[in-house]
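A structural walkthrough
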Amino acid sequence: MATYLFLSDDWLDAARAIRAEYEGGGGIAQSIRMNLVVIEVPFGEGAVHAHADTSTGELVLDIGHLEGPDLTVTVGYEIARAILVEGNPQAGLQAFMQGKIKVEGDIAKLMALQGVSPDPTASEIAARIQAITE
């Protein structure tokens, strides 16, 4: 299986293809519209602007920012990789406590996500995305 640099165009294409296979297969009860700025990216212009939206009950992740998000999170590349690919919430909490994650907006919505247990489909998607990541 090919692997790609996290957040590179090839990685994004492969991650979208994996997510598309599961479209309509599971719901997310917690509604959040979050913009994400990943800084210190080792390619391109050094930052990736993306978003996560669960307001439809499905997780939608893509490049670009949403209008009127609940919050915007700015995080370094390695921390984003640990949280989003490796599924390491402890890395996120530790980075937040050290001031390495900047949150603007409704932080309560972000904290509510910590209590959400991933369903088996989400765990399978996460494992497949981890497998394609360098």
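Helices and strands together make up the secondary structure of the chain, namely five helices and five strands. The secondary structure elements of the chain, listed N-terminal to C-terminal, are α-β-β-β-β-α-α-β-α-α. A compact globule built from 134 residues would reach a C-alpha radius of gyration of about 14 Å, and the chain, at 14 Å, matches this within 12%. Within the chain, residue pairs in contact and separated by at least 24 positions form 68% of the contacts whose partners lie at least 6 positions apart. Of the accessible surface of the chain, which amounts to about 7,700 Å², a share of 55% is contributed by carbon and sulfur atoms.

The next subject is the pattern of salt bridges. Applying the stated criterion to the full structure yields seven salt bridges. Arg 16 is the partner of Asp 13 in a salt bridge, and the nearest nitrogen-oxygen pair spans 3.2 Å. Taken as a pair, Asp 13 and Arg 16 lie in helix H1 (residues 9–21) at a separation of three residues, close to a single helical turn. Given a relative accessible area of 46%, Asp 13 falls into the partly exposed group. For Asp 62, the salt bridge identified is with Arg 16, shortest N-O distance 2.7 Å. Within this pair, whereas Asp 62 is found in strand S3 (residues 60–63), its partner Arg 16 is found in helix H1, the two being separated by 46 residues in sequence. When its relative accessible area of 32% is taken as the criterion, Asp 62 is described as partly exposed. Several salt bridges share partner residues, and in doing so they unite Asp 13, Arg 16 and Asp 62 into one network.

Let us now look at the sheet that holds S3. Read across the open sheet, the five strands follow the order S3-S2-S1-S4-S5; overall the sheet is mixed. Of all the strands in the sheet, just S3 and strand S5 (101–105) have a single pairing partner and so form its edges. Sheet twist, expressed as the mean angle between neighbouring strand axes with direction ignored, is 20 degrees. Pairing of strand S1 (residues 33–39) with strand S4 (residues 71–76) involves six bridges; the strand directions are parallel. Across the sheet, Ile 39 pairs through a bridge with Gly 76, a residue of S4. This element, helix H2 (residues 77–84), spans S1, S4 and S5 of the sheet and lies at about 110 degrees to S4.

Now for a nonpolar patch on the surface. Together, Leu 93, Phe 96, Met 97, Ile 107 and Met 111 make up a nonpolar patch on the protein surface, roughly 450 Å² of accessible area in all. For the nonpolar patch, the secondary-structure elements that each account for two or more residues are helix H3 (89–97) and helix H4 (107–113). Here Met 97 is to be found in helix H3. The class of Met 97 is exposed, set by a relative accessible area of 65%.

Our focus in this paragraph is the packing of aromatic side chains. Applying the stated criterion across every chain yields a total of three aromatic pairs. Look at Phe 6 and Trp 11: their rings are 5.0 Å apart centre to centre, the planes differ by 80 degrees, and that puts the pair in the edge-to-face class. Of the two residues, Phe 6 and Trp 11, both sit in the buried class. Plain terms: the ring middles of Phe 6 and Tyr 77 are 5.4 Å apart, the flat faces sit at 50 degrees to each other, and that makes the pair tilted. Remark: Tyr 77 occurs in helix H2 and Phe 6 occurs in the segment before H1; sequence separation between them is 71 residues.

About the cut-offs
- Residues numbered from 1 in each chain as written.
- Predicted model: local features only at pLDDT ≥ 70, side-chain atom pairs only at ≥ 80, totals over all residues.
- Heavy atoms only, no water.
- Helix = DSSP H or I, 4+ residues; strand = E, 2+ residues; numbered from the N terminus.
- Rg over C-alpha atoms; globule rule 2.2 N^0.38 Å.
- Contact = heavy atoms within 4.5 Å.
- Areas by Shrake-Rupley, 256 points an atom, 1.4 Å probe, with all protein chains shown as cover.
- Salt bridge = Lys/Arg side-chain N within 4 Å of Asp/Glu carboxyl O.
- Buried < 20%, exposed > 50% of the residue type's maximum accessible area, 1.4 Å probe, protein only.
- Pairing = 2+ DSSP bridges.
- Axes fitted to C-alpha atoms, helices over the stretch in contact; angles between N-to-C directions.
- Patch = residues over 30% accessible without salt bridge, like charges linked within 9 Å, V, L, I, M, F, W, Y side chains within 5 Å.
- Phe/Tyr/Trp six-rings, centres within 6.5 Å; stacked < 30°, edge-to-face > 60°.

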